[in-house]
Amino acid sequence: MKSKEIKQARRSDGFPEDFLWGCATSSYQIEGAYDEDGRGLSIWDAYCREPGRVSRGQNGDVACDSYHRWPEDVALLSDLGVDAYRFSVAWPRVQPDGQGPSNRAGLDYYARLVDALLAKGIEPWVTLYHWDLPLALGQAGGWTVRDTAYRFAEYAAIMYRELGDRVHRWTTLNEPWCSAFLGYEHGEHAPGLRDRASALAATHHLLLAHGLAVGSFRSRGYVGEIGLVINPATPRPATRHEADLAAAERASVERTGLWLNPVYGLGYPEAYLKARGADMPVKAGDMEIIAAPINFLGVNYYNEDAVAEAPATPAAPDGYRFVPTALPKTEMGWDVVPQGLRRVLGNIARTWPVRSLYVTENGAAYADEAAAPVAAETQSARVHDADRVAYYRGHIAACRDAIADGVPLKGYFAWSLLDNFEWAHGYDKLFGLVTVDPRTLARTPKDSYLFYRDMIAGYGLE
Ligand code: FCB
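Residues numbered from 1 in each chain as written. Predicted model: local features only at pLDDT ≥ 70, side-chain atom pairs only at ≥ 80, totals over all residues. Heavy atoms only, no water.

**Looking at helix α15 (residues 338-351)**
Each turn of an α-helix holds 3.6 residues, which means side chains three or four residues apart point in the same direction. Quick reminder of the rule: Numbering of helices and strands starts at the N terminus; helices are DSSP runs of H or I of at least 4 residues and strands are runs of E of at least 2. A helix is expected to span 1.5 Å for every residue after the first. Note on contacts: a residue pair is in contact if any heavy atoms of the two residues lie within 4.5 Å.
In a regular helix each residue adds 1.5 Å, so 14 residues correspond to 20 Å; α15 covers 21 Å between its end C-alpha atoms and thus fits that length. At its buried positions, α15 is contacted by α12 (257-263), β7 (296-300), β10 (357-361), α16 (386-404) and β13 (409-415).

**A word on the packing of helix α6 (residues 104-119) against helix α8 (residues 147-163)**
So the rule is basically this: Where helices are involved, their axes are fitted lines through C-alpha atoms of the stretch in contact, as for all axes, and angles between N-to-C directions lie from 0 to 180°. Oblique is the label for any angle not covered by the other classes, which are roughly parallel (under 35 degrees), roughly antiparallel (over 145) and roughly perpendicular (65 to 115). By the definition used in this description, the sense in which the near helix is turned from the far one sets the handedness, with an anticlockwise turn below a right angle giving left-handed and a clockwise turn giving right-handed. When residues are sorted by character, Ala, Val, Leu, Ile, Met, Phe, Trp, Tyr, Cys and Pro go into the nonpolar class, Asp, Glu, Lys and Arg into the charged class, and all the rest, Gly among them, into the polar class.
The interhelical angle for the contact between α6 and α8, taken along N-to-C directions, is 50°, at an axis separation of 11 Å. Relative to α8, the element α6 is oriented oblique. The interaxial crossing formed by α6 with α8 has right-handed handedness. For the pair α6 and α8, contact is made by Arg104, Leu107, Tyr110, Ala111 and Val114 and by Ile158, Met159, Glu162 and Leu163, respectively. In the contact of α6 with α8, the residues fall into 7 nonpolar, no polar and 2 charged.

**Thoughts on the sheet that holds strand β4 (residues 169-174)**
Defined as follows: Pairs of strands are assigned from DSSP output, requiring at least two bridges between the strands.
Read around the closed barrel, the 8 strands follow the order β1-β2-β3-β4-β5-β7-β10-β13; overall the barrel is parallel. Here the average twist between neighbouring strands, direction ignored, is 25°. As defined by bridge partners, strand β1 (residues 20-24) adjoins strand β2 (residues 84-88) across 3 bridges and the pair is classed as parallel. When the bridges of β2 are listed, Gly22 appears paired with Ala84. Docked against the sheet, α6 engages β2 and β3 (123-129), running at close to 170° with respect to β2. Lying over the sheet, α15 contacts β7, β10 and β13, oriented at roughly 140° with respect to β10.

**Structural notes on the nonpolar core**
If you look at soluble globular proteins, the nonpolar side chains tend to sit buried side by side. Applied cut-off: Residue types Ala, Val, Leu, Ile, Met, Phe, Trp, Tyr and Cys, when buried and joined through side-chain atoms within 4.5 Å, form a set referred to as a nonpolar core. Summary of the burial criterion: residues with accessible area below 20% of their type's maximum are buried, those above 50% are exposed, and those between are partly exposed, where the area comes from a 1.4 Å probe applied to protein chains only.
Grouped together as the largest cluster of nonpolar side chains are 127 residues, with contacts concentrated most on Trp44 and Tyr452. Considering each element in turn, this core owes the most residues, 11 residues, to helix α10 (residues 196-219). Each residue touching Tyr452, except ones within four places of it in the same chain, is listed here: Trp21, Gly22, Leu80, Val82, Ile396, Tyr412, Ala414 and Leu433. One finds Ala24, Trp125, Ala364 and Phe413 within the second-largest nonpolar core, a separate group that totals 16 residues.

**Structural notes on the pattern of salt bridges**
Just so we agree on the cut-off: Criterion for a salt bridge: a side-chain nitrogen of Lys or Arg within 4 Å of a carboxyl oxygen of Asp or Glu.
According to the stated counting rule, one finds 33 salt bridges in the structure shown. Put simply, Asp108 and Arg104 hold a salt bridge, and the shortest N to O gap is 3.0 Å. Taken together, the positions of Asp108 and Arg104, both in helix α6 and 4 residues apart, correspond to about one turn of that helix. For Asp108, a relative accessible area of 28% gives the class partly exposed. For Glu225, the salt bridge identified is with Arg169, shortest N-O distance 3.4 Å. Separated by 56 residues along the polypeptide, Glu225 in strand β5 (residues 225-230) and Arg169 in strand β4 bring together distant segments of the chain.

**What about the site of the ligand?**
Threshold: A molecule or strand has a residue near it when one of that residue's heavy atoms lies within 4 Å. Here a polar contact means two N or O atoms within 3.5 Å. Within protein one must be a hydrogen donor candidate and the other an acceptor candidate, and residues neighboring in sequence count only if both atoms are side-chain atoms.
Taken together, Gln29, His130, Trp131, Asn174, Glu175, Asn300, Tyr302, Glu361, Trp415, Glu422, Trp423 and Phe431 are the residues near the ligand. One of the side-chain nitrogen or oxygen atoms of Gln29 is found 2.7 Å away from an oxygen atom of the ligand. Asn174 has a polar side-chain atom sitting 3.0 Å from an oxygen atom of the ligand. In terms of residue class, the shell around the ligand is made up of 5 nonpolar, 4 polar and 3 charged.

**Structural notes on the packing of aromatic side chains**
Both the distance between ring centres and the angle between the ring planes are used here to describe each pair of aromatic rings. Note the cut-off: When two rings of Phe, Tyr or Trp (its six-membered ring) have centres within 6.5 Å they constitute a pair, described as stacked for plane angles under 30 degrees, edge-to-face for angles over 60, and tilted for the intermediate range. Placement of a positive charge over a ring is assigned whenever Lys NZ or Arg CZ falls within 6 Å of the ring centre and within 35 degrees of the normal to the ring plane.
In the structure shown here, the tally under the stated rule is 40 aromatic pairs. Centre to centre, the rings of Trp131 and Trp423 are 4.6 Å apart; their planes meet at 45°, and the pair counts as tilted. Separated by 292 residues along the polypeptide, Trp131 in the loop between β3 and α7 (135-139) and Trp423 in the loop between β13 and β14 (434-436) bring together distant segments of the chain. Side by side, Trp131 and Trp423 carry an identical accessibility label, which is buried. Ring-pair connections join several aromatic residues into one group, and the members of that group are Phe15, Phe19, Trp21, Tyr391, Tyr392, Tyr412 and Tyr452. The positively charged end of Arg93 is found above the aromatic ring belonging to Tyr109, 5.9 Å away from the centroid. Seen from the ring of Trp177, Arg255 lies directly overhead, with NZ or CZ sitting 5.0 Å from the centre.

**Some points on the side chain of Asp244**
We count it as follows: Asp and Glu are treated as the negative residues and Lys and Arg as the positive ones, with His and the ends of the chain left uncounted.
With respect to the secondary-structure elements, Asp244 resides in helix α11 (residues 242-253). Buried within the structure, Asp244 lacks any salt-bridge partner; Arg321 is the closest side chain of opposite charge, at an N-O distance of 6.5 Å. A distance of 2.6 Å separates polar atoms of two side chains, one belonging to Asp244 and the other to Thr239. Setting aside chain neighbours within four positions, we find Asp244 in contact with Pro237, Ala238, Thr239, Val307, Ala308 and Glu309.

So yeah, pure geometry; function would need other evidence.
Okay, here's the thing in structure tokens:
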């Protein structure tokens, strides 16, 4: 229960009393302990070992060592004052080969974490899949193979059985566009393929996996809510020319309608499939499974691209190209566009029958200065990340604008609690509210952590 004072401060700040403030991480990015207690390998363990795939050959073997240091992380979350912590379960910790009996030691790790969060009054939000597919399934074809969807549903059922009495918010997949397209078409994420047909097959099987897992949650009668997390895009037209407006519409489909149309029972966007001359591997009954009602939709937002019309080619069948802007950029090279968050939330709320929306990730990478001691007597150190503070301030204000617009936005999660393994960038891109010393793994809150803590406590965005 929040104190009266805080509730009132929040109300005057434009956020509803029960607005949920959270923080997010994912298993492969923070856990480390890649070969401990019976964990199997994931496609990311293998991908990191392929030369040239990840910056400077880095990997998640140790990461932030949260597998061992989770009590420190829970303490940081508690001091931050968040209502919820969004983390993911490493499927290969639970089922080392992606199928068959579960691994008790892996399950116990998550049970301990959940219990510790609940003891601090922090609600666990569990993501079932944040990209670390068991390698054995990857070697059998990964998401291009229909069977993977059924294996996922079995794994989800194990997790519901194990934690369903204590975890009441679940998300099935994190950003399935990345799994399908970065993984199978662009070759930038595991498993690193460059094949469009595989990306489309993966799209369908990821959606099928999602639908099966939602269906099994419902049929077993668990208390709680389940949803999907996507990274939608509503690119801005580079000019007001009709052709660029139309190009921007087309450019949004692969990241947004391709996922939300089927989830909301509207089938696949036909123009998109036609431009690719491709069919989805749909079997009778699949679309009904995929359209199993969800309780909420999670939106991950970092930036907004500008696009202009371009001739359609076999390599770029949607007929658009990204164009540079003069906007400020984060260390990822991504444009900083706070109002883009308001736009994307508004577009989704207007286009699909979404009852509850959450920003499940938002944050920025900047090249932080090294942690500097600030006060000898406290032995503490701080990182002065003014750019990140400004990023959060702008984007949280955009959430408030979206609520004022009538968007059913119920919560916000900062990405990320810790500086962590940023996929193909390794540890070169830092998104944390807390810095993690690469040698000692000591955690030090940055100014952005203090800003977010104060904001949650009711001091607003000033
Ligand atoms: C998102 C991912 C998350 C993190 C951020 C920066 O696409 O879901 O794991 O890498 O980007």
